[in-house]
Every structure is written in C-alpha cells, then in structure tokens.
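Residue-level listing of the chains:
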There are 2 protein chains.
Amino acid sequence: MNTHPFDAEVVLSRIEVGEYRGKTSAHYANMVGPFGGFVSAIFMKAVLSDDRQTGTPVAVTVNFCGSIADGDFTIQYKLQRGGKYTQHWSLELTQENSVRATASIVCGTRGDVFEHQEARMPDVPPPEACELLPKGALLKWIDAFDLRFAKGYPSFVGKAFDEVKESQSIVWMRDNPPRPLDYLSLACLCDTFFLRPLQMRGTFPLMGTVSLTSHFHATPQELKSVGEDFVLGMVYCKRMNGQFNDQQMEVWSKDGTLLASGGQIAWYKD
Amino acid sequence: MNTHPFDAEVVLSRIEVGEYRGKTSAHYANMVGPFGGFVSAIFMKAVLSDDRQTGTPVAVTVNFCGSIADGDFTIQYKLQRGGKYTQHWSLELTQENSVRATASIVCGTRGDVFEHQEARMPDVPPPEACELLPKGALLKWIDAFDLRFAKGYPSFVGKAFDEVKESQSIVWMRDNPPRPLDYLSLACLCDTFFLRPLQMRGTFPLMGTVSLTSHFHATPQELKSVGEDFVLGMVYCKRMNGQFNDQQMEVWSKDGTLLASGGQIAWYKD
C-alpha cells in the first residue's frame, strides 16, 4: 500500500499524554527548516491524535518564534479547557529545550442552525485553463503541491521589476500527488501562499511568517465533497511597513463554499 | 489629577516576574463578565509592563476558553523567545485555578524600510455627520466608547426583521471620555465591534467570541498623530454556519492609515 507523502511525513510518536516526538521532512523543506504549513499541520496532528479531542477544528494560530532546524523536535501541549461547545488547546514545539513555535487550536462542536455565506468566490477560469507552477525549480515544499495561478502568477519566476505590483494572487491548489482534503491538509494549505513582498516587489528579501491564524468554516461533509479536487486560494496584503506585512487568505471549494479564511503577519528585512 | 477610566481599570499588580493579579471592571462589564476588549487590553498590559519587553506589539491572539466571573483573576505568562526582530509571549488568565482565557502576543522591532499600503479607507461621512449610539441603553462597556455609525447602524436598537442584512458596519470610534490612542487602547478597540449575528439577523442569540486575532500595523508615531481623535472601524462577516461565524475588522486613522486589522471566530447558539 502506498502511503501519501503527507501522511508519511506529518507523523508524531507519543511519549506520553501531552508530549509527542516528531521530525522535519525533506518533502516539506523550506529555505531553512520546514515550511510553515508543515508546522501548522504537525500542531493540528497532535490535537487530532489526542483521545480527548472532540468536535472539529475552528481556529488555529501558529507563532513562529525561532528557526526550526532540520531534525527531531518535541511537541508539548495541554488541553486548557473543554466545554460543551468549544475545546481550547495550547501547544509548543521545542528543539534542544528552546521553544521554536507555539500554537493555540480551538475545536468546536457544530450544530445544524441558521447559516449564511456573504462572501463570494472570485470568478476565475478553471484549473485546466490556468498556468501550472513548474516543479523542481524552486523550494522543495512547493513541489508537494499543484499550484495553478488564475491571477498574480509569482513574479520571482519571471523578471524582477521596480514598480509595486498589486498584491493579490488567486491560485488553484491541491496536494501533489492528489490526496483527499481533511482538516490536517487544510491547515497545511492555508500557509501555501507565497509571502507577499515577493509578489509586490518581485524581489526576494529575507522574510518569514511570524504569526499565522487560520479559521476553518468547512464542515466534514464539505471537505469530503472536495475529495482530491483542486480548491481555490486567494491572498492579498493590506499594508507592509516597518518590516512587517499582513497577508489575508481565503480557501474555497469549486462549488463556491468558503472553507477557510485567515491572516498572517510576516517579517521582511528591507 | 483625574485618571482616565481605562487607565484606572486596566491595571495589574505584580506578584512576581510572570505573574500578575487583576480584577474585572464594572466600567467594562459585558452581559456576563468583562467585555473581550478589556481582556485583550489586560493581556497586553501584562506584556507591556514587563521589563524585558522590547519593540512594539504586532500581533495578539486571545482565546476565550470559559466564562470570566466578575472579580479577581491571575495572569501567568512567559517570554517564549526573544530575538533580534521579534519577541513571543504566551499568557493565561485563570480564576480559581481554571484557565478562562489564553493569549499569544508578538512584539516586533520595526525598521525604516520599504513600505506600501494597498488597502484604502472606506469613504464615509465624518464623525460629526454620523449617528451616535445612545448611552445607557445597552451593555455597560458600550458606554466606555463613543461610537458613531457611518454604515450598518446596529439593528438591535431598532426593530427586528426576518431577512439577512448585509453584515458590514463602519463606525467612528474613540474612548469616552477621549483618551490618547496607544497600543493598549488599540488592542481594546479591536474588539468593540458587535458580533455580526446581531447585525445580520437583528436578533440576539446566545453568542460570544471564541478566538480573536488583531494585527497592529501602526507605528508609535502614527498612534501619537491620532491622539484623542476618532478612528474608523470597519467590520463584516464572510460566513456563519454550524454555530460559528468569522468577523473581519480594520481600524483606520482619519488620514487613511491602516492602524490594525484582524479577524475573530465567534460562537452563536441558533
């Protein structure tokens, strides 16, 4: 049986309740250490592997405190509070006794009540009509996804330019090879958007995500309906100044359902 | 000397490094316990009162784990990691040895580098031309602010209605009485937006913020320029379903500078 690379790499071994051991993955390697989506997924994996976990993920915030080296790491976490409707988890990723990342994850018990979606999916051509980002040319983790740009094809692939370009990119995305979407891979996908200074300036300054928040709107049924199909990602930046920039993101199913939304603050050098 | 209510109420006494004692405030009382903005500000106060704090706040996530009772509480926190550019803090608010709220706060050292603001402030009439929310009619904490609605005047003040209304509200806001804006009061202001089920349905279901993330773009100079003047808040909801809804927010200075942005996930009963 072939295990999908995501399932083979996003793994933890339990030391005791509240403590896991894991290791970084060459498959999801960034310039230095693992790409942020891998870290998000690892934190999510810890919570979803705990026998006390109830409901489905509704919010995750990951804070990238220090660089994560390739190799082993420890996840320590606690269930801060569990109630009828929500469950709150706090987590830390450490290497050599220093904290490299922290996270809070909220799970929620969903009920069948009033619902309404005001946001509308961007109107773009289907994946087949959009340009596929070539494999093997960039960072390792990028090859773990099929990314087809409907708008805002990354400028670092082409020539650099002097003007500030519009920050928005819209991109069809899925795992490569395809894998059925679940909360674990959704947590990962929420951080596949390239940092916006790249898009806006066409340059490659030193930069990195500082704090990433993803909110999950998707129900298990909605994820199941997506299956291995592409989802549509949208990202843009409101403001970059004084070495920090935000970027806002949305993830949509093809049928126009908002699966996730969120934002991050990233640091850039110059 | 008259101390502003905000400065008189958002106070902590140090027990030791990493532990403070505080109490809830009648001035910032919600239906049950303190309003979320007070909790955000108290967490921020803890960090800003620590001798090790450097830089300025760039991100705060507050998770509301359980109801906070009126009365005393303890804040325990640690500096997870401090580097050249960022500082990461984790905090917990406890009452009777149970965690009622957690937070992560990131401070950043800002440098004078490339900057660009893509987002544009909503074009609305000035505060003087907008309807002031009356005092004394609603929850106690609301009276701690002057709120002048340019769009989306809260429907629970008027009649209820059956249709789903557009979720966006745009509101001029400042402390009442006026107080010079700083990171502490900005953290508080970021949670003054009424929960969107109110706006969209005109009904008042049981509801509450679950996880609130605010990103601060403002520099100290930009906050100083605002002084005691109104800032413009904008809020809307992308999707509400299965008992959870997001709401997105922005806070602007009058001159069109984006001071803060962020989002929250809230729970609603039906």
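Residues numbered from 1 in each chain as written. Chains lettered and ligands numbered in written order. Predicted model: local features only at pLDDT ≥ 70, side-chain atom pairs only at ≥ 80, totals over all residues. Heavy atoms only, no water.

(A) Looking closely at the overall build of chain A. Check the secondary structure of chain A and you find five helices and 15 strands. Relative to the globule expectation of 18 Å for 270 residues, the C-alpha radius of gyration of chain A, 18 Å, shows essentially globular dimensions. Overall, chain A is about 50 × 45 × 45 Å in size when its C-alpha atoms are taken along their principal axes. Expressed as a percentage of its 270 residues, the buried residues of chain A come to 61%. In chain A, the proportion of contacts linking residues at least 24 apart, taken out of those at least 6 apart, comes to 68%. Total accessible area computed for chain A in this model is approximately 10,300 Å², and 50% of it derives from carbon and sulfur atoms. Of the side chains in chain A, 26 bear a positive and 31 a negative charge, and the two mean positions are spaced by 2 Å. (Helix = DSSP H or I, 4+ residues; strand = E, 2+ residues; numbered from the N terminus. Rg over C-alpha atoms; globule rule 2.2 N^0.38 Å. Buried < 20%, exposed > 50% of the residue type's maximum accessible area, 1.4 Å probe, protein only. Contact = heavy atoms within 4.5 Å. Areas by Shrake-Rupley, 256 points an atom, 1.4 Å probe, with all protein chains shown as cover. Lys, Arg positive; Asp, Glu negative; His and termini not counted. Charge placed at Lys NZ, Arg CZ, Asp CG, Glu CD.)

(B) Local environment of the pattern of salt bridges. The final tally for this structure, using the stated rule, is 22 salt bridges over all chains. We note a salt bridge from E222(A) to R239(B), for which the minimum N-O separation is 2.6 Å. Within this pair, whereas E222(A) is found in helix α5 (residues 220-226), its partner R239(B) is found in strand β13 (residues 239-241), the two belonging to separate chains. One exposure class covers both E222(A) and R239(B), and it is buried. Linking K254(A) and D229(A) is a salt bridge whose minimum nitrogen-to-oxygen distance equals 3.0 Å. With K254(A) in the loop between β14 (244-252) and β15 (258-268) and D229(A) in the loop between α5 and β12 (231-236), the pair connects residues that are 25 residues apart, well separated along the chain. You can call K254(A) partly exposed: its relative accessible area is 37%. (Salt bridge = Lys/Arg side-chain N within 4 Å of Asp/Glu carboxyl O.)

(C) Here's a closer look at unusual backbone geometry. Residue and element names in this part refer to chain A. Each neighbour pair has its own omega, and for N176 with P177 the value is -5°, a cis peptide bond. Secondary-structure assignment places P177 in the loop between β10 (169-175) and α3 (183-189). Non-glycine residue E96 carries a positive phi angle of around 50°. Mapped onto the elements, E96 comes out in the loop between β5 (86-95) and β6 (98-108). Taking relative accessible area as the criterion, E96 reaches 77% and is therefore assigned exposed. Here Q243, not a glycine, exhibits a phi torsion of approximately 75°, which is positive. Checked against the element boundaries, Q243 lands in the loop between β13 (239-241) and β14. A residue is classified by how much of its surface remains accessible, and Q243, at 8% relative accessible area, is buried.

(D) A look at the interface of chain B and chain A. Chain B puts 69 residues into the contact, and the matching count from chain A is 69 residues. Surface buried jointly by chain B and chain A totals about 5,700 Å² across both partners, of which 54% is contributed by carbon and sulfur atoms. Considering only the surface of chain B that becomes buried against chain A, F114(B), K238(B) and R239(B) emerge as the three largest contributors, covering 14% of it. Where chain B packs against chain A, one counts six salt bridges. Its residues placed into classes, the side of chain B that touches chain A shows 22 nonpolar, 30 polar and 17 charged. (Buried area = accessible area lost by both parts, 1.4 Å probe. Nonpolar A, V, L, I, M, F, W, Y, C, P; charged D, E, K, R; others polar.)

(E) Focus on the relation of the copies chain B and chain A. Here chain B sits on chain A after a turn of 180° about the axis and a move of 0.0 Å along it, with an RMSD of 0.0 Å. Expressed as a symmetry operation, the mapping of one chain copy onto the other fits a two-fold axis. A share of 100% of the interface residues of chain B reappears at the interface of chain A, consistent with the copies meeting face to face through the same patch. (Least-squares fit on C-alpha atoms with pLDDT ≥ 70 in both.)

(F) Molecular detail of the packing of aromatic side chains. Scanning all chains against the criterion turns up 28 aromatic pairs over all chains. A ring pair is formed by F35(A) and F145(A), whose centres lie 5.9 Å apart and whose planes are at 75°; its orientation type is edge-to-face. Highlighted residues: F35(A) in the loop between β2 (19-23) and α2 (36-48) and F145(A) in strand β9 (residues 145-151), separated in sequence by 110 residues. The buried category is assigned to F145(A), whose relative accessible area is 1%. The interplanar angle of 70° and the centroid separation of 5.9 Å between the aromatic rings of W141(B) and F194(B) together place this pair among those described as edge-to-face. Taken together, the residues span a long stretch of sequence, with W141(B) in the loop between β8 (131-132) and β9 (145-151) and F194(B) in the loop between α3 (183-189) and α4 (196-201) at a distance of 53 residues. The pair formed by W141(B) and F194(B) is uniform in burial state, with each residue classed as buried. Feature note: the residues F6(A), Y28(A), F35(A), F38(A), W141(A), F145(A), F149(A), Y153(A) and F194(A) constitute an aromatic cluster, connected by ring pairs. For the cation-ring pair, R201(A) lies above F114(B), with the distance from its terminal atom to the ring centre recorded as 3.8 Å. (Phe/Tyr/Trp six-rings, centres within 6.5 Å; stacked < 30°, edge-to-face > 60°. Lys NZ or Arg CZ within 6 Å of the ring centre and 35° of its normal.)

(G) Highlighting the pairing of β14(A). Residues and elements named next belong to chain A. Counting buried positions along β14 gives nine out of nine residues, so the element sits mostly inside the fold. Residues of β14 alternate between two faces, with F244, D246, Q248, E250 and W252 on one and N245, Q247, M249 and V251 on the opposite face, all of them buried. Here β12 runs beside β14; their pairing, made up of five bridges, is antiparallel. Directly across from Y236, in β14, lies its bridge partner Q248. (Pairing = 2+ DSSP bridges.)

(H) Layout of the environment of V210(B). As for its position among the elements, V210(B) is in strand β11 (residues 207-216). Along the chain, V210(B) and N241(B) lie 31 residues apart, while their C-alpha atoms are 15 Å from each other. Once residues within four sequence positions are removed from consideration, V210(B) is found in contact with T86(A), H88(A), V106(A), V62(B), N63(B), F64(B), F244(B), I265(B), A266(B) and W267(B).

(I) Examining the environment of Q87(A) more closely. Residues and elements named next belong to chain A. You can see Q87 is positioned in strand β5. Using a relative accessible area of 4% as the deciding quantity, one classes Q87 as buried. Linking Q87 and L138, residues 51 residues apart in sequence, is a C-alpha distance of 39 Å. Those residues in contact with Q87 that sit more than four places away from it in its chain are R52, Q53, T54, L79, R81, G82, I105, V106 and C107. Among the polar contacts listed, one links the side chain of Q87 to the backbone nitrogen of T54, at a separation of 3.0 Å. (Polar contact = N/O pair within 3.5 Å; in protein donor to acceptor, adjacent residues only side chain to side chain.)

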